[in-house]
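# Secondary and tertiary structure notes
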Amino acid sequence: MLRWMLRLLLVLVIVIAGLLAPVAYTELACTAPVKPDSYDATLPPEHHRNEGRTLLTYPEWHIVHAYDDYAHVIRDADPHDYAYLPAITGYWSSLCALTSAAADHGGVPTATKQLVYTIGVSFTAELLAKAAYEETLGRLFTALRGPTHAPLDELTAQQAADYAQFLQQVPWYKWDFTAARAALSAAATDVLRDRERNVAIGLEYRFKAAYAGVIAAAVDSVGADQLTLRMIVTGLTPDQLAQIDGVTVIGPRSDGIEIETPRYRALTRLLRDMALNGADFTEIAGNDDILFTATSLFPQADGALFSFARQGYGDTRHLFLVKVRELAGRIRAMQSTQMTLEHVHDY
């Protein structure tokens, strides 16, 4: 018994070391001397956000995109057709590149660094566990099922798509995993694949529901992040801006009109709509640089910090860091190119 306990402890140590290895690599190989941000902001300090965070928000969105890719893959194929390892390596390789780039923009706040490491390790563990099952027992039950999806294959694909859409604006831990598990049980038939999906995915949902409760409690104890930000806009009048749903006009500034908008996915839609209607952006959250992602059929793009192939779409995501004053022009220019704006990363 003692020998088995020691063996299990050794395996546990190896697993933990493996999960923490990308963190160690990022700290040792991807950091650079931090240069203070010298931009003289117009917005008052209480509306400033650390500029380096525009770069470090991408790893969080990489996870959102990974779930979206997964949903697209299993819509017509099966879970074992999703490439789990590239999704994991994409997270850490992008984090490395962006951590290095953030050094020229005031560096990465400690709290942000802890967050991206924590969610990165969790994401890695989740996908490795899912890959281990779906590539073995999951693949076996898929073969026994045959080429046609079972009812729960269809339901889990729809749940994955709904979850990916939910993550565009709402934190993952607010998703109702308990209700999703109940829906699985209610829709399960007696076919073998349904019984297997009900057990396997049901256990996954049960674990995530418990973990989500822990994360929600932790967030409540420290307070949720702000849901709005301030920016300065030119090219549109205060009346025109006030007519845009989601925009609150604060007042004139020497270099434009100060407004308040939602963050996250809603912000991207607002920035795109304002840019296409003639607006230009002077400053966002007290910063003069911002990250955005765009997709194209080309594997590389000039000026991209990082490019990553999307699964289920057949195209590539590109990351660009630009001056805030150039953002609207870049958005408008995309209308005549083969590149599509995906997301503007705030801070």
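Let me begin by describing the structure that accompanies this report. Quick caveat: nothing in here was measured; it's all calculated off a predicted structure.

The rules behind these values
Residues numbered from 1 in each chain as written. Predicted model: local features only at pLDDT ≥ 70, side-chain atom pairs only at ≥ 80, totals over all residues. Heavy atoms only, no water. Helix = DSSP H or I, 4+ residues; strand = E, 2+ residues; numbered from the N terminus. Rg over C-alpha atoms; globule rule 2.2 N^0.38 Å. Buried < 20%, exposed > 50% of the residue type's maximum accessible area, 1.4 Å probe, protein only. Contact = heavy atoms within 4.5 Å. Expected span 1.5 Å × (residues − 1). Bend = angle between axes of the 7 residues up to and from the residue. Phe/Tyr/Trp six-rings, centres within 6.5 Å; stacked < 30°, edge-to-face > 60°. Lys NZ or Arg CZ within 6 Å of the ring centre and 35° of its normal. Salt bridge = Lys/Arg side-chain N within 4 Å of Asp/Glu carboxyl O. Axes fitted to C-alpha atoms, helices over the stretch in contact; angles between N-to-C directions. Parallel < 35°, antiparallel > 145°, perpendicular 65-115°, else oblique. Nonpolar A, V, L, I, M, F, W, Y, C, P; charged D, E, K, R; others polar. Patch = residues over 30% accessible without salt bridge, like charges linked within 9 Å, V, L, I, M, F, W, Y side chains within 5 Å. Areas by Shrake-Rupley, 256 points an atom, 1.4 Å probe, with all protein chains shown as cover. Pairing = 2+ DSSP bridges.

## So, the overall build of the protein chain
Helix and strand content of the protein chain: 11 helices and eight strands. Over its C-alpha trace the protein chain gives a radius of gyration of 22 Å, about what one expects of a compact globule, namely 20 Å for 347 residues. Oriented by its inertia axes, the alpha-carbon framework of the protein chain measures out at about 70 × 45 × 40 Å. Burial analysis of the protein chain (347 residues in total) assigns 46% to the buried set. Within the protein chain, contacts between residues separated by at least 24 positions form 77% of all contacts whose residues are at least 6 apart in sequence.

## Some words on the side chain of Asp78
Here Asp78 lies in the loop between helix H3 (58–76) and helix H4 (84–102). Filtering out sequence-adjacent residues up to four positions away, Asp78 remains in contact with Val73, Thr142, Arg145, His149, Asp153 and Arg193.

## With respect to helix H5 (residues 110–145)
Between its terminal C-alpha atoms H5 stretches 49 Å, which fits the 52 Å expected from 36 residues at 1.5 Å a residue. Where H5 bends most, at Glu134, the angle is about 40°. Residue Gly146 follows H5 closely and has a positive phi angle near 100°.

## A look at the packing of aromatic side chains
Across all of its chains, the model carries 14 aromatic pairs by this definition. An aromatic cluster is defined as three or more aromatic residues linked by ring pairs; in this entry it consists of Tyr67, Tyr163, Phe166, Trp172, Tyr173, Trp175, Phe177, Tyr205, Phe207 and Tyr211. A cation over a ring is seen here: Arg310 above Tyr313, with NZ or CZ 3.7 Å from the ring centre. Residue placement shows Arg330 over the ring face of Phe320; its charged tip is 5.3 Å from the ring centre.

## Concerning the pattern of salt bridges
One pass over the full model with this rule turns up 27 salt bridges. The partner of Glu135 in a salt bridge is Arg139, and the shortest N-O contact between them spans 2.7 Å. On the criterion of helical spacing, the pair formed by Glu135 and Arg139 is a turn pair, its members being four residues apart in helix H5. Among the residues examined, Glu135 registers a relative accessible area of 33% and is labelled partly exposed. Across the pair Arg197 and Glu196 runs a salt bridge, and its minimum N-O distance is 2.8 Å. When its relative accessible area of 6% is taken as the criterion, Glu196 is described as buried. Several salt bridges share partner residues, and in doing so they unite Asp78, Glu134, Arg145, Asp153, Arg193, Glu196 and Arg197 into one network.

## Points about the packing of helix H10 (residues 264–276) against helix H11 (residues 324–333)
Their axes nearest at 9 Å, the elements H10 and H11 cross at an angle of 80°. Judged by the inter-axis angle, H10 sits roughly perpendicular to H11. For the pair H10 and H11, contact is made by Leu271, Arg272, Ala275 and Leu276 and by Leu327, Ala328, Ile331 and Arg332, respectively. When the residues that make up the contact of H10 with H11 are grouped by side-chain class, the tally is six nonpolar, no polar and two charged.

## Some thoughts on a nonpolar patch on the surface
Taken together, the side chains of Leu2, Leu6, Leu9, Leu12, Val13, Ile16 and Leu20 present a nonpolar region at the surface, about 670 Å² in accessible area. Within the fold, Leu12 resides in helix H1 (residues 2–29). The exposure class assigned to Leu12 is partly exposed, which follows from its relative accessible area of 46%.

## Section: the pairing of strand E5 (residues 289–296)
On any regular strand, side chains alternate: one points to one face of the sheet, the next to the other face. The buried count for E5 comes to eight of eight residues, which makes it a mostly enclosed element. Here E5 shows two buried faces, one formed by Asp289, Leu291, Thr293 and Thr295 and the other by Ile290, Phe292, Ala294 and Ser296. Note that E5 and strand E8 (residues 340–345) share five bridges and pair antiparallel. Of the residues in E8, the one forming a bridge with Phe292 is Val344.

## Concerning the pairing of strand E1 (residues 228–234)
Counting buried positions over the seven residues of E1 gives five, a clear majority of the element. As defined by bridge partners, E1 adjoins strand E3 (residues 256–262) across six bridges and the pair is classed as antiparallel. When the bridges of E3 are listed, Val233 appears paired with Ile257. Bridge count for E1 against strand E4 (residues 280–284) is four bridges, and the pairing is antiparallel. Bridge pairing links Ile232 to Glu283 in E4.

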